[in-house]
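Understanding the architecture of this molecule
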Amino acid sequence: MRAIFIRHGESTGNAGVPCHDLATIELTERGQEQARAVAASWTEAPALIVTSPYTRTRQTAAPTIARFPGVPVETWPIEEFTYLQPSRWNGTRSAERMPHLERYWSAADPAWCDGEGAESFSALLRRCEAALARLGLDWEHLQELNPRLVWAAGTGFGEAGPEAAKPAYDTV
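Below or above, wherever it landed, is the structure these notes cover. Predicted model, so just to flag it, every value in this text is computed and none were measured. (Residues numbered from 1 in each chain as written. Predicted model: local features only at pLDDT ≥ 70, side-chain atom pairs only at ≥ 80, totals over all residues. Heavy atoms only, no water.)

1. Considering the pattern of salt bridges
The tally for this structure, following the rule as stated, stands at seven salt bridges. The partner of Glu10 in a salt bridge is Arg30, and the shortest N-O contact between them spans 3.4 Å. On the criterion of sequence distance, the pair formed by Glu10 in the segment before α1 (29-41) and Arg30 in helix α1 is long-range, its members being 20 residues apart. We note a salt bridge from Glu74 to Arg134, for which the minimum N-O separation is 3.7 Å. One end of the pair, Glu74, is in strand β2 (residues 73-75); the other, Arg134, is in helix α5 (residues 121-134), and 60 residues separate them in sequence. Put simply, Glu79, Glu119 and Arg127 are held in one network by salt bridges that share partners. (Salt bridge = Lys/Arg side-chain N within 4 Å of Asp/Glu carboxyl O. Helix = DSSP H or I, 4+ residues; strand = E, 2+ residues; numbered from the N terminus.)

In structure tokens form, the structure reads like this:
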């Protein structure tokens, strides 16, 4: 199995236009050009095209879908990580959100959720694990392919108990 992950082309949000609904942000003309370049770069047809429900990801995939009309297309819940509550940040530019983003990441709390419409880092990881499992890239499948594979995971305060959600990390 070979999986190729492609991030969406340049969006209006990336270009500094204020965002109002994360799901409906569109590609810029440059992003459209990037999507066409990705479609032209395929040397063979993919077996499956997966997009998130977000407009910019569907727009990025559209030229590839048009080039390979016989390839199945599926929409999975693989949209970007929304760690700030959208209703509080609608209409803002990324520069205005930056102090809040920095505060979020420096807190290093995987269980913290900013509010309705946002998700915790732990929830994002569960979505990632589910997507990898759908691709056959979960531990069970990978271990079958390579029994020598080592899967390592660590927690600062255990996976359960009163301190499980506490942040804990160090330079490795």
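Now that the structure has been shown, the text picks up again.
2. Comments concerning the state of the cysteines
Within this structure, the stated rule accounts for zero disulfides. We note that Cys113 lacks a disulfide partner, and the nearest cysteine sulfur, in Cys128, lies 16 Å from it. Take Cys113: its relative accessible area is 36%, and that puts it in the partly exposed class. (Disulfide = S-S within 2.5 Å. Buried < 20%, exposed > 50% of the residue type's maximum accessible area, 1.4 Å probe, protein only.)

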